Amino acid sequence: MKLYAIALQCALFTLAEQASRDDSCVCELRNSEQRFPHDKLSTVEDNTSECNSNITSQKTLELESLLLGLERRLPQLQEDVAILERENDGGLYGALSLQVIENEMRDIMQLIEKLNSTTLGHQQLITDTTQQLEDFKAQMVELEKYDTMQVVKRQKANRILKRDLDQCKNGLHPTNQPTQPTQGICPYGQFVNITGAVVNTAGEYPGSYKYGAWGRDPKPEAGKESWYWLVMMTSNNRFSNYVRRYSSLSSLIVGVSVPGNVQIHSTNPTTNTIQGPNVVMYGEALYYNCYNQDAVCRFNLTTKTVTTLQLPKGTRFNSKGNFCHLEECYPFTDMDLATDESGVWVIYTTTQDFGNLVLSKVEEGEPLSLGQTWHTSVYKQAVTNTFMACGVLYATRYVNKGTEEIFYSFDTATGAERFNIGIFIFKMAPNIYALNYSPVDQMLHAYSDAYMVSYKVLFE
């Protein structure tokens, strides 16, 4: 019998060859390494998934909501006590006022108890998570011992080397990102994907208004950088006459509006009020389709004045050029307003363009004017929504009740069109009636069957 040892990549295996009497050959392969503990790796993966599911943004919002509620109730209690002290007549009025104050104190105590329990729960979660992370680290170090080829070690070294090279390159060639880049040039890189829903809330009026829009002002006044706005179609799902404002995302979620509604006109609808859900805010002004006109309205929230911008002759309006899919068209979506890093845009269609999308830049100033215009080859009624990001127009189409696809783009810098974008939006409700991109935080805000949903736009 002859025995041969063959080295295969750092002697991971030995091969024995044995000749039998009938000249047949039998080979036996022996693994000299320890068997990899797949069950341990599977356990670590399961525990990691469970750990991730325990830590959500909703927990932070819950704490913020409780703090916000407490912040609003305490001044009200102080005011009621001051009124009682000032106007107490020692009779029925005083007794009733005292009863109201007792009820308010009871509610505040419940809020404080809830806040304490929530805070304790979060502290315990932090402690547990810290311990879990230490355990995961120890388990992964143990599993790395089975990496005899040192693949993981080399990957770590490569990541550190790449990080150091990037830091060196950035140090030698520092660049400042422009706040308003030229069209088609994005300071963040190329738009490649979006996340799942980051925010999903019914807000202040759950299920009440199916059509609407919401978002942030890309060019806010000082002190209003964290504010959000909301416009709901309060008349026949088609018209509105005010914008509602919130001082933070938490305020919007719990339904605490400060300063409340900013009204365009007391009548709804009437001349220069809002028609259709495709609304944006920019520079403390609301841009929208004017009621019963083929024109864009700009409502200045400071001066309470409206400026109109007439669109080209032949522009379709009054539900003649809506966003659609096979099952329905969205009424009064003839014009879509959009914002990006460079300002305000309007998307519409005309009879001379045979229903294809037309894109125009809205120039600020007095009077409001229409800037450069681009004509696309995508049919508007084959589109469900549009938005702008870094001077590029993106269009979506309906796939099914749970999915929308960003399928089309038009680059205003090059005129290049693409019909194969293939980025999917996973919806919280069947229809998205408004879609706004926020260049402030690169979020995509959707108004979907009375729900307000936001997604993070990913660039690379």
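This section reports on the structure supplied with the text. The structure displayed is predicted, hence computed values, not measured ones.

1. Things to note about the overall build of the protein chain
Inference 1: On a plain count of helices and strands, the protein chain comes out with five helices and 25 strands.
Inference 2: A fraction of 53% describes how many contacts in the protein chain between residues 6 or more apart in sequence connect residues 24 or more apart.

2. Some words on the sheet that holds strand 24 (residues 443–448)
Inference 1: Spatially, four strands are ordered 3-25-24-23 in an open sheet, and the strand pairing comes out antiparallel. Lying at the two open borders of the sheet, with one neighbouring strand each, are strand 3 (191–201) and strand 23 (434–438). Taking each pair of neighbouring strands and ignoring which way they run, the sheet shows an average axis angle of 25 degrees.
Inference 2: Bridge analysis of strand 3 against strand 25 (residues 451–459) gives seven bridges, and the strand direction is antiparallel. Across the sheet, residue Asn193 finds its bridge partner in strand 25, namely Leu458.

3. Side note on the pairing of strand 14 (residues 336–340)
Inference 1: Within strand 14, five of the five residues are buried, leaving the element largely enclosed by the surrounding structure.
Inference 2: Here strand 14 shows no split at all, with Asp336, Ala338 and Asp340 on one side and Leu337 and Thr339 on the other all buried.
Inference 3: Where strand 14 meets strand 15 (residues 343–348), five bridges bridge the pair, whose relative direction is antiparallel. Across the sheet, residue Asp336 finds its bridge partner in strand 15, namely Ile347.

4. Focus: the side chain of Glu284
Inference 1: Within the element layout of this structure, Glu284 appears in the loop between strand 10 (280–281) and strand 11 (285–289).
Inference 2: By relative accessible area, Glu284 is classed as buried at 5%.
Inference 3: There is a polar contact of 2.6 Å between the side chain of Glu284 and the side chain of Arg245.
Inference 4: In this structure, Glu284 is in contact with Asp217, Lys219, Glu221, Lys224, Arg245, Phe299, Asn300, Leu301 and Thr302, ignoring residues within four places of it in sequence.

5. Overview of the state of the cysteines
Inference 1: For the structure on display, the rule yields three disulfides.
Inference 2: Here Cys186 pairs with Cys390 through a disulfide, and the sulfurs are 2.1 Å apart. Taken as a pair, Cys186 in the loop between helix 4 (151–172) and strand 3 and Cys390 in the loop between strand 18 (385–389) and strand 19 (392–400) lie far apart in primary sequence, 204 residues in all. Both residues of the pair, Cys186 and Cys390, belong to the buried class.
Inference 3: Once the disulfide-bonded cysteines of the protein chain are ranked by sequence position, their pairing pattern turns out to be 1-6, 2-3, 4-5.

6. Points about the side chain of Asn431
Inference 1: Secondary-structure assignment places Asn431 in the loop between strand 22 (423–426) and strand 23.
Inference 2: Residue classification places Asn431 among the buried residues on the basis of a relative accessible area of 7%.
Inference 3: There is a polar contact of 3.0 Å between the side chain of Asn431 and the side chain of Tyr330.

Conventions used here
- Residues numbered from 1 in each chain as written.
- Predicted model: local features only at pLDDT ≥ 70, side-chain atom pairs only at ≥ 80, totals over all residues.
- Heavy atoms only, no water.
- Helix = DSSP H or I, 4+ residues; strand = E, 2+ residues; numbered from the N terminus.
- Contact = heavy atoms within 4.5 Å.
- Pairing = 2+ DSSP bridges.
- Axes fitted to C-alpha atoms, helices over the stretch in contact; angles between N-to-C directions.
- Buried < 20%, exposed > 50% of the residue type's maximum accessible area, 1.4 Å probe, protein only.
- Polar contact = N/O pair within 3.5 Å; in protein donor to acceptor, adjacent residues only side chain to side chain.
- Disulfide = S-S within 2.5 Å.

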